[in-house]
Amino acid sequence: MNTTTLKGGSYDPARTTTGGLTGELARLEAQAALSFPEELRILRELGVTESSTLLELGAGSGAVTRCLRAALPGLTIVAVDIDATLLAHAEGTGAELIVADAADLPLETGSVDTVLLRYVLQHVPDTSKVLTEVGRVLRPGGRVIVTEVDTSCWGIAEPSYPEMAGIHAKVAGAQRAAGGDRSIGRRLTRMLRAEGFEDVVLRPFATTNDDHPTEAFAPHLGPQRLEPLLAAGVLSFAELSLAADRWNRFRSDPDAWVMLLGLTAAGTSPGPAA
């Protein structure tokens, strides 16, 4: 494992949720467990098989790497992340672990069949550089698969609380100020086409509390992710208290319903430019 320390983008695992890095590791595992079955269905539809070589960019702690290994034991996985401390938690997944910037990969041209970017591009200030590098390392006919959110339709809930709109706007604004974009989902297909990928498709997927306990959505809807914004001065104590109260109301309502909508876009590489 390459252990170079690099930093970049709007994602800081030590300041993402309550409990610092330990809390974030737990959140990543819970997030993967919640939606991976739907994501795996799409990956298979897009041609990912056990005979593939898959490059997972932004692999983080290996939460999804572990899911991939369990579902596709024969899959060759190269897991890349810019954060050496985070990626160290992916040891034992059977993947080759590389610490690197996604815009400057130490991989040979045309060396992988599939590149997966899961909730990564929303944190990247220059997505074009990353997608250009993705195109370089993909073999001709290989697939890039990008899963993202769009803040306008990420969490649809009933009952809804209009008084939370200002808090959600501040959360998106804080990520934008750090170089990220929580509205990136609506642009995925155009981004891929602009970078020369062909046969671009969009495959939305939904996760609801019809199929999972409401409490399983706490990493997304609970106040844990807001507490670091209090320390940063983005949110007030009153706003954090409001968010906690509304989450408690929601999870105690037997008729409450929530849907998280993920957006997966994919494109085919024509091969690296001459």
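Residues numbered from 1 in each chain as written. Predicted model: local features only at pLDDT ≥ 70, side-chain atom pairs only at ≥ 80, totals over all residues. Heavy atoms only, no water.

A. Layout of the overall build of the protein. A count of helical and extended segments in the protein gives nine helices and eight strands. For a compact globule of 274 residues, the expected C-alpha radius of gyration is about 19 Å, and the protein comes in at 18 Å, within 12% of that figure. In terms of overall dimensions, the protein has a C-alpha envelope of 55 × 35 × 35 Å along the principal axes. Residues classed as buried in the protein amount to 50% of the 274 residues present. Look at the contacts in the protein between residues 6 or more apart in sequence, and 78% of them connect residues 24 or more apart. Surface summary for the protein: the accessible area is close to 12200 Å², and the carbon and sulfur share equals 53%. (Helix = DSSP H or I, 4+ residues; strand = E, 2+ residues; numbered from the N terminus. Rg over C-alpha atoms; globule rule 2.2 N^0.38 Å. Buried < 20%, exposed > 50% of the residue type's maximum accessible area, 1.4 Å probe, protein only. Contact = heavy atoms within 4.5 Å. Areas by Shrake-Rupley, 256 points an atom, 1.4 Å probe, with all protein chains shown as cover.)

B. Inspection of the environment of Leu21 at higher detail. Looking at the element boundaries, Leu21 is found in helix H1 (residues 20-45). For the pair formed by Leu21 and Leu86, sequence separation is 65 residues and the distance between their alpha carbons is 8.3 Å. If sequence neighbours within four positions are ignored, Leu21 has contacts with Pro13, Ala14, Thr85, Leu86 and His89.

C. Expanded view of the pairing of strand S8 (residues 257-268). Among the twelve residues that make up S8, eleven are buried, leaving the element largely enclosed by the rest of the structure. As paired strands, strand S5 (residues 138-148) and S8 are joined by six bridges and run antiparallel to one another. The partner of Glu148 across the bridge, within S8, is Leu263. The pairing of strand S7 (residues 198-208) with S8 spans nine bridges and is antiparallel. (Pairing = 2+ DSSP bridges.)

D. Just unusual backbone geometry, in detail. Here the amide bond leading from Glu158 into Pro159 is cis, since omega sits at 5 degrees, within 30 degrees of zero. For Pro159, the location among the structural elements is in the loop between strand S6 (155-158) and helix H5 (165-177). A positive phi is found at Tyr119, a non-glycine position, where the angle reads about 55 degrees. Here Tyr119 shows up in the loop between strand S4 (112-118) and helix H4 (127-137).

E. Just the nonpolar core, in detail. In terms of nonpolar packing, the biggest core is built from 41 residues, with Val48, Leu54, Leu68, Leu75, Leu87 and Ile145 touching the most fellow members. Contributing elements (two or more residues each) for this core: H1, helix H2 (63-71), strand S2 (76-81), helix H3 (84-87), strand S3 (96-99), helix H9 (237-252) and S8. Residue contributions to this core peak at eight residues, all from H1. Residues contacting Ile145, with those up to four places away along its chain left out, are Leu43, Leu46, Val48, Thr114, Val115, Leu116, Leu117, Thr264, Ala265 and Ala266. (Core = buried A, V, L, I, M, F, W, Y, C linked by side-chain atoms within 4.5 Å.)

F. Structural context of H4. Three or more residues of H4 are buried, namely Thr127, Val130, Leu131, Glu133, Val134, Gly135 and Val137. For H4, the elements touching its buried residues are strand S1 (53-57), S4, S5 and helix H6 (188-194). Structurally, the start of H4 carries an N-cap: the backbone nitrogen of Ser128 is 3.3 Å from a side-chain oxygen of Asp126. (Polar contact = N/O pair within 3.5 Å; in protein donor to acceptor, adjacent residues only side chain to side chain.)

G. How the structure looks around the environment of Ile167. Along the polypeptide, Ile167 turns up in helix H5. Residues Ile167 and Gly60, 107 residues apart in the sequence, show an inter-C-alpha distance of 27 Å. Contacts of Ile167, omitting those with residues within four sequence positions, involve Leu226, Leu235, Glu239, Leu242 and Ala243.

H. Spotlight on the pattern of salt bridges. Within this structure, the stated rule accounts for 14 salt bridges. Two residues, Glu29 and Arg66, come together in a salt bridge whose shortest N-O distance is 2.5 Å. In this pair, Glu29 sits in helix H1 while Arg66 sits in helix H2, placing the two residues 37 residues apart along the sequence. In this structure Glu29 comes out as partly exposed when scored by relative accessible area, which is 34%. The exposure class of Arg66 is partly exposed, given its relative accessible area of 31%. Glu45 is paired through a salt bridge with Arg41; the nearest N and O atoms lie 3.2 Å apart. (Salt bridge = Lys/Arg side-chain N within 4 Å of Asp/Glu carboxyl O.)

I. A look at the packing of H1 against H2. At a minimum axis distance of 9 Å, the contact between H1 and H2 shows a crossing angle of 45 degrees. Taken together, the axes of H1 and H2 lie oblique to each other. Classified by chirality, the crossing of H2 by H1 is right-handed. Contact residues: H1 offers Leu28, Glu29, Ala32, Phe36, Leu40, Leu43 and Arg44, while H2 offers Ala63, Val64, Arg66, Cys67, Leu68 and Ala71. Residue classes in the contact of H1 with H2 are distributed as ten nonpolar, no polar and three charged. (Axes fitted to C-alpha atoms, helices over the stretch in contact; angles between N-to-C directions. Parallel < 35°, antiparallel > 145°, perpendicular 65-115°, else oblique. Left-handed = near helix turned anticlockwise from the far one by under 90°. Nonpolar A, V, L, I, M, F, W, Y, C, P; charged D, E, K, R; others polar.)

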